[in-house]
Amino acid sequence: MKRYLLLSLLVGAMTFTSCAQSKKSQTAPAKVTTEQKATPVAQKGNTIVMTTEMFRTKVIDYRTNNKEWNYLGDKPCLIDFHATWCGPCKKLGPILEELGGEYKGKMYIYKVDIDQEPELAQLFGIRSVPTMLLVPMKGQPQVVQGLLPKANLKEAIDQVLFTK
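If you're wondering where the values come from, they're calculated on a predicted model, not measured in any experiment.

**Student:** Could you give an account of the environment of Leu-133, naming the residues involved and the relevant values?
**Tutor:** Position of Leu-133 relative to the elements: it lies in strand S7 (residues 131-135). Taking relative accessible area as the criterion, Leu-133 reaches 3% and is therefore assigned buried. The residues touching Leu-133, leaving out its near neighbours within four places in the chain, are Cys-77, Leu-78, Ile-79, Phe-81, Phe-124, Pro-141, Gln-142 and Val-143.

**Student:** Any details on helix H6 (residues 150-161)? Residues and values, ideally.
**Tutor:** Given a rise of 1.5 Å per residue, 12 residues ought to cover 16 Å, and the 16 Å separating the end C-alpha atoms of H6 matches this to within 8%. Of the positions making up H6, those classed as buried are Leu-153, Ala-156, Ile-157, Gln-159, Val-160 and Leu-161.

**Student:** Outline the environment of Gly-93, listing residues and values.
**Tutor:** Mapped onto the elements, Gly-93 comes out in helix H4 (residues 87-102). Gly-93 sits in the buried class, given a relative accessible area of 17%. Sequence spacing of Gly-93 and Pro-130 is 37 residues, and the spatial spacing of their C-alpha atoms is 9.8 Å.

**Student:** Any details on the pairing of S7? Residues and values, ideally.
**Tutor:** Most of S7 is tucked away: 5 of the 5 residues are buried. Judged by which residues are buried, S7 turns out to be covered on both faces: Thr-131, Leu-133 and Val-135 on one side and Met-132 and Leu-134 on the other are all buried. Here 5 bridges tie strand S4 (residues 77-82) to S7, and the two strands are oriented antiparallel to one another. Counted as the bridge partner of Cys-77 is Val-135 from S7.

The rules behind each value
- Residues numbered from 1 in each chain as written.
- Predicted model: local features only at pLDDT ≥ 70, side-chain atom pairs only at ≥ 80, totals over all residues.
- Heavy atoms only, no water.
- Helix = DSSP H or I, 4+ residues; strand = E, 2+ residues; numbered from the N terminus.
- Buried < 20%, exposed > 50% of the residue type's maximum accessible area, 1.4 Å probe, protein only.
- Contact = heavy atoms within 4.5 Å.
- Expected span 1.5 Å × (residues − 1).
- Pairing = 2+ DSSP bridges.

The following block contains the structure:
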């Protein structure tokens, strides 16, 4: 119960530090071809850029298993849904890089650009960014919205991903 209260407070407090998709810049995102999406993506620092195809092999294949959550990963993960035009997302990036170093070998930190991967954004009903999905090894993922201070994000990670 304490965990859910903490997450509720964090989500409520940070709602005002996120970008709504309607604030998107007038510049259209670059088109990504099927060939580009199929190629493996390199890790950028301590975070990993995730495509829809990668999500289906590393997190959950929602096209074949849409009835229950069954995480496919070998470590817990945080999935950051972000956009290049979002100010709070730009501030969150370095925090996630630091946390990626601190949790190296214990969890994955994935980044999903909602303009490049609209199918994933739609699947999770992403209406504002940043929105993060904390995915434990067992159990349901938890959603956190908005720009969180590093200490608060670390506390949420520890409570959702690493408490038994």
